[in-house]
Amino acid sequence: MHRGIRHSSMFLTLGFLASTTPSLASQSAGSSTTDHVKKHPHRITTQARKAQHTQAATSEQLTVKGRRASVVASSATKSDTPLIDTAQSITVITRNEMDIRGVLSLNQAVRYAAGITPDLRGGIGTRYDQFLLRGFTVPTFLDGLKVQDSPTGYAVAQTDTSRLDRIEMLKGPASALYGQSSPGGLAALSSKLATDQRSYGNVTATGGMFDLYRVDSDVGGYANNDGSVRWRLYGTANGQHTQLARTGSRRFSISPTFTFGGNGPTTLTILGNYQYDPEGGTYGGVPLVGSLKRASFGYLPRNFYDGDVSFEKFNRRQGAFSYFFNHRFNDDWSFSSRGRYDDIRVINRSTYDAGYWEADGYTLPRYAYGTKEHTYNMAYDSQFKGHVRTGPLKHTLMTGFDYMWQRATETYTQGDAPSLNALHPDYHMAFPAQTVGARYLTNSHQIGIYAQDEIRWRGLVLNGSLRNDWYRSDQKEYLAGSDTRQNPSQITWRASALYHFKFGLAPYISYSTSFQPQSGFTSKDGGKTLSQANPTLGKQLEGGVKYQIPGTPILLTAAGFHIEQSNVLVAVGNLPYGIESGKVHSDGFEFEAHADVYKNLMLEAAVSVQRVHDDSTGKPLIQSGKGNASLFAFYTMPSGPLKGFGFGGGMRYTAKAYGGQADYGSVWVPQYALFDGSLRYDLSNLSPSLRGWTASASVRNLFDKHYVSNCLAYASYGQAFCYYGERRNAQASIGFSW
């Protein structure tokens, strides 16, 4: 028996407005919450920014009034740094790219990045963002601060991507600047903030398949004559049926922001957000037999629903308040600080299939559960940055302190669920009353101090980072009377070297480490006394080469990597403890090519090959894929009768993925390739009276390919689940901007 959530590392029984956001260069350390036994394993600007390769003393002083370039990123160094000078793999997904592709979620946004195993819950489970990077689940940071996970798995925020300016996928261990984190890397999201424009705005209406509707509005400008006070207000109301048609999702979100200080040396930005999701679709799947493998009756249709319309419920409310403070003392030294407080409540009730059939071959046993969870989260990060010289060496120094706190409560209920006849399903059945199975209270906090030195000499760029973290967690379960505590501390570091030749080539090598707390117990005396398991440790050696065509935004990157995660807890039979002997390896090669817009062409290409191996099982890490490949191109006609008309499309290929062990042996999810398409037209080319109007359309899975996106099989439990991929999904929009 199991119940739903997002993680997949193990099985346990229980606008068209081009966004113009100022740089959010500073990012805070994060805390990766431990897995719990209840988790389901399935889980027009006034000045454009110019990114240039400059001398060390001015490399950070990039213009921040306009849209940040696609060849600049901040996630690797907590400072705006050209990608050609960054000795680590980063994929930048701009607002322009998201708009052209019609992106509606983080899952959709990352599909064209190298190293991604996408859509772990297929086209159904969209209430959480679930994908793997280099074989590992990765945390999300919003505006430089960790989006804290839930200790029991349900009250997790989801950011509507339409309120984002850009996404950066930082690949590989990053604990030296961020604290506890995944060996695979992290996703860094940046919000739309107030910009240096007197007045601007956009309203967009979208409709599409599965009854999709969206209305997005984004307005802002100066609040006073000199622009020292600026404002921006974004809001959306949207909804859509899932591809099962019996369930759907709805969302209402609003984000106001004010910036004080204009372009002066001291600025303060206040950002608020409230989001209400009265529905979140469903979170079920289908049995492996009947989806990946043929059942006695054939195959289940892609719209098969394993839940119950009357019983299903998912309601999420999330509110957040953030601040960003920056002060520039002089041309060399500055101080920045940021913080966020958020409050997340989730009421969740669900029934799901057991992953196997009864003896008749068509009756599906089901389980039912419910949860009410409430989390209070706070995150803070501050740092000093400066430039100094020691002889011919130019140093960019940074030292920082961050803090993160969480309090979470949950009441979990469980009960019986009637079985479902898959041939003649009844989705309005009577469910018996549920009983309280657990009551949790979790308190945790993390403190981190870090320092970084970036040294430049001619074309040579050296980077060293060092950090110490102290993490404390106390989880009480009142019904059983248990009290689980963790208090690890860990030192992590990173070192890298890169040489930037004048003709645009930059080879590099880097070594980085990470740590991540884990749930479970160990014993040194054969089970007489149990102690909390130590964190897992990660390390990565990466080498590669980057090439940026001088004077253009065209960037080519190639990298090879070896990641090793050690100290992984391995179960010992059915004993209540394990041994910290597990080790996971991820080895691979990645290539990416990016041109956000160059001579009216946007191009994204990626290829990755990887091998993710779990020593404790002798198999790949469950749900990890063998790699991916993708190509997306979009061209806008610059002149002629079709001036302003843009068209393009893409192909995304996902290699086979390991889905666990079924009773017949290893489960491998077949490879698949999908095609997408996009159109856009600036209607002002038809008539001057239509100035500001834009029409667009996009489609995902253009040829409506029938495929399984991922599976989870556990022979020891006799359970095996699979998830159908997203069906063809088309949408069209009309927008007006000023």
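Each value, and the rule that gives it
Residues numbered from 1 in each chain as written. Predicted model: local features only at pLDDT ≥ 70, side-chain atom pairs only at ≥ 80, totals over all residues. Heavy atoms only, no water. Helix = DSSP H or I, 4+ residues; strand = E, 2+ residues; numbered from the N terminus. Contact = heavy atoms within 4.5 Å. Buried < 20%, exposed > 50% of the residue type's maximum accessible area, 1.4 Å probe, protein only. Pairing = 2+ DSSP bridges. Core = buried A, V, L, I, M, F, W, Y, C linked by side-chain atoms within 4.5 Å. Polar contact = N/O pair within 3.5 Å; in protein donor to acceptor, adjacent residues only side chain to side chain. Disulfide = S-S within 2.5 Å. Phe/Tyr/Trp six-rings, centres within 6.5 Å; stacked < 30°, edge-to-face > 60°. Lys NZ or Arg CZ within 6 Å of the ring centre and 35° of its normal. pLDDT = per-residue confidence, 0-100.

Engineer: Quick rundown of the environment of Trp-493? Include the residues and the values.
Structural biologist: As for its placement among the helices and strands, Trp-493 is situated in strand E23 (residues 489–499). The spatial distance from the C-alpha of Trp-493 to the C-alpha of Ser-465 is 5.4 Å, given a sequence separation of 28 residues. If near-sequence neighbours (up to four positions away) are discounted, Trp-493 is found in contact with Ala-176, Ser-465, Leu-466, Tyr-511, Ser-512 and Thr-513.

Engineer: Explain the pairing of strand E11 (residues 212–222) to me, and be specific about the residues and the numbers.
Structural biologist: Both faces of the sheet carry side chains from a regular strand, because those side chains alternate between them. Burial runs high along E11: eight of the 11 residues are buried. In terms of strand pairing, strand E10 (residues 199–208) meets E11 through 10 bridges, oriented antiparallel. Bridge pairing links Ala-205 to Val-215 in E11. What sits between E10 and E11 in their antiparallel hairpin is a turn of three residues, with Phe-210 showing a positive phi close to 55 degrees. Following E11, the chain reverses through six residues before pairing antiparallel with strand E12 (residues 229–241); Gly-227 in that reversal takes a positive phi of roughly 75 degrees.

Engineer: If you had to explain the sheet that holds strand E8 (residues 164–171) to someone new, which residues and values would you point to?
Structural biologist: The mixed open sheet is built from five strands, whose spatial order is E3-E8-E9-E6-E7. Lying at the two open borders of the sheet, with one neighbouring strand each, are strand E3 (90–94) and strand E7 (145–146). Summarising the sheet, strand E6 (residues 140–142) and strand E9 (residues 185–191) pair through three bridges and their orientation is parallel. From the neighbouring strand, Thr-140 faces E9, where its bridge partner is Ala-187.

Engineer: Describe the nonpolar core, and please don't skip the residues or the numbers.
Structural biologist: Residues Leu-83, Ile-90, Leu-170, Tyr-178, Leu-186 and Leu-498 are the most contacted members of the largest nonpolar core, which totals 25 residues. Setting aside residues no more than four positions away along its own chain, Ile-90 makes contact with Ala-73, Ser-75, Ala-76, Leu-83, Glu-168, Met-169, Leu-170 and Glu-592. If you look at the next biggest cluster of nonpolar residues, it comprises 23 residues, including Leu-244, Cys-711, Ala-713 and Cys-722.

Engineer: Could you give an account of the side chain of Gln-540, naming the residues involved and the relevant values?
Structural biologist: Tracing the backbone shows Gln-540 in strand E27 (residues 536–548). Polar side-chain contacts of Gln-540 include one of 3.3 Å to the side chain of Glu-542. Ignoring anything within four residues of it in the chain, the contact list for Gln-540 reads Arg-134, Lys-171, Gly-172, Pro-173, Ser-510, Tyr-511, Ser-512, Phe-561, His-562 and Ile-563.

Engineer: Account for the state of the cysteines, naming residues and giving values.
Structural biologist: Scanning the entire structure with this criterion turns up one disulfide. Residue Cys-711 pairs covalently with Cys-722 via a disulfide, S to S 2.1 Å. The chirality of the disulfide connecting Cys-711 with Cys-722 is right-handed, given an S-S dihedral of about 105 degrees. Of this pair, Cys-711 sits in strand E38 (residues 708–714) while Cys-722 sits in strand E39 (residues 719–724), placing them 11 residues apart in sequence. Under the relative-accessibility criterion, Cys-711 is labelled buried at 0%.

Engineer: Can you lay out the packing of aromatic side chains for me, pointing to particular residues and giving the numbers?
Structural biologist: In the structure shown here, the tally under the stated rule is 26 aromatic pairs. With 6.5 Å between their ring centres and 15 degrees between their planes, Phe-329 and Phe-384 make a pair best called stacked. Of this pair, Phe-329 sits in the loop between strand E16 (313–328) and strand E17 (334–353) while Phe-384 sits in strand E18 (residues 363–390), and the two are 55 residues apart along the sequence. Aromatic ring contacts, followed pair by pair, group Tyr-154, Tyr-352, Tyr-367, Tyr-369 and Tyr-412 into a single cluster. One cation-aromatic arrangement involves Lys-293 over Tyr-664; the distance from NZ or CZ to the ring centre is 4.2 Å.

Engineer: Which residues make up the confidence of the model for the chain, and what values do they have?
Structural biologist: Overall, the predicted model of the chain reaches an average pLDDT of 89, with 89% of residues at or above 70. Scored below 50 in pLDDT, residues 1–66 shows 298 contacts in the model against residues more than four places distant or in partner chains.

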